[in-house]
Amino acid sequence: MARVVVWHVPVTVTGRTTSLRLFRLRDGRRCAVGFSSAGALAELLGPEQAAAELGEPALRALIAPLGIDELVLDPRLVAAPVVAPVAAAAVTAAPGDPSAGAARPAAGRPTTRSGAQLQRR
């Protein structure tokens, strides 16, 4: 009998509900991700990211009814750091300018890569 490899997959916990966290490939298609260790997941998504342990067949069974067939294993961050333009806007805004406080950081979409680039959903 073949041994099933357990993957650490990111989830979202809301009250009593646990949902699989999905991502997007660069071309817009949705996908699921799995990590070979809890440390690898925490390194990419942060130590606060909740996770569940699932075998690959179980993970594929969860995403198949959603029409998702892409599974990216052990993705790595490849995005450049996002630099917030707020400080520059505050310095260049004229006193009394109504747009002085309106500058906001760009809403960057982190991407990861393991054969494909991902975007947070």
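Residues numbered from 1 in each chain as written. Predicted model: local features only at pLDDT ≥ 70, side-chain atom pairs only at ≥ 80, totals over all residues. Heavy atoms only, no water.

Asks: Lay out the overall build of the protein chain with the relevant residues and their values.
Replies: The helix and strand inventory of the protein chain stands at three helices and nine strands. The linear arrangement of helices and strands in the protein chain, starting from the amino end, is β-β-β-β-α-β-α-β-β-α-β-β. Burial status across the protein chain gives 25% buried among its 121 residues. Contacts spanning at least 24 positions in sequence make up 70% of the contacts within the protein chain whose residues lie at least 6 apart. Surface accessibility of the protein chain: about 8,000 Å² in total, with carbon and sulfur atoms responsible for 55%. (Helix = DSSP H or I, 4+ residues; strand = E, 2+ residues; numbered from the N terminus. Buried < 20%, exposed > 50% of the residue type's maximum accessible area, 1.4 Å probe, protein only. Contact = heavy atoms within 4.5 Å. Areas by Shrake-Rupley, 256 points an atom, 1.4 Å probe, with all protein chains shown as cover.)

Asks: Outline the pattern of salt bridges, listing residues and values.
Replies: On inspection of all chains with the given rule, the structure shows three salt bridges. Residues Arg60 and Glu56 are paired through a salt bridge, measuring 3.0 Å at the closest nitrogen-oxygen approach. Highlighted residues: Arg60 and Glu56, both in helix 2 (residues 56-63), separated by four residues, approximately one helical turn. Glu56 gets classed as partly exposed once you look at its relative accessible area, which sits at 26%. (Salt bridge = Lys/Arg side-chain N within 4 Å of Asp/Glu carboxyl O.)

Asks: Just give me the short version of the confidence of the model for the protein chain, but keep the residues and values in it.
Replies: Confidence in the prediction of the protein chain, expressed as mean pLDDT, is 76, and 62% of residues score 70 or more. Of the regions scoring below 50 in pLDDT, residues 88-95 engages in two contacts with residues more than four places distant in sequence or in other chains. The low-confidence segment residues 97-117, where pLDDT is below 50, has 42 contacts with residues more than four positions distant or belonging to other chains. (pLDDT = per-residue confidence, 0-100.)

Asks: Which residues make up the side chain of His8, and what are the values?
Replies: Checked against the element boundaries, His8 lands in strand 1 (residues 6-14). For His8, a relative accessible area of 13% corresponds to the buried category. Dropping the residues within four chain positions of it, His8 is found in contact with Gly34, Phe35, Ser36, Ser37, Ala38, Leu41, Ala52 and Glu53.

Asks: Go over the side chain of Gln49, please, and point to the residues and values.
Replies: Summarising the element assignment, Gln49 is placed in the loop between helix 1 (38-45) and strand 5 (51-55). Setting aside residues up to four positions removed in sequence, Gln49 forms contacts with Pro10, Val11, Arg21 and Leu41.

Asks: Go over the pairing of strand 2 (residues 17-20), please, and point to the residues and values.
Replies: Here four bridges tie strand 1 to strand 2, and the two strands are oriented antiparallel to one another. Residue pairing in the sheet places Val11 in a bridge with Leu20 of strand 2. Linking two consecutive strands that pair antiparallel, namely strand 1 and strand 2, is a turn of two residues; a positive phi of about 65 degrees is found at Gly15 within it. (Pairing = 2+ DSSP bridges.)

Asks: Explain the sheet that holds strand 1 to me, and be specific about the residues and the numbers.
Replies: In any sheet, the strands associate via hydrogen bonds between backbone groups, in a parallel or an antiparallel arrangement. Taking strand neighbours across the sheet as the criterion, the three strands line up as 2-1-5 in an open arrangement whose pairing is antiparallel. The sheet is open, and its two edges are formed by strand 2 and strand 5, each paired on a single side. Pairs of neighbouring strands in the sheet enclose a mean axial angle of 45 degrees, with direction left out of account. Running over the sheet, helix 1 touches strand 1 and strand 5 and is turned about 50 degrees from strand 1. Across the sheet, helix 2 is in contact with strand 1, strand 2 and strand 5; its angle to strand 5 comes to roughly 105 degrees. (Axes fitted to C-alpha atoms, helices over the stretch in contact; angles between N-to-C directions.)

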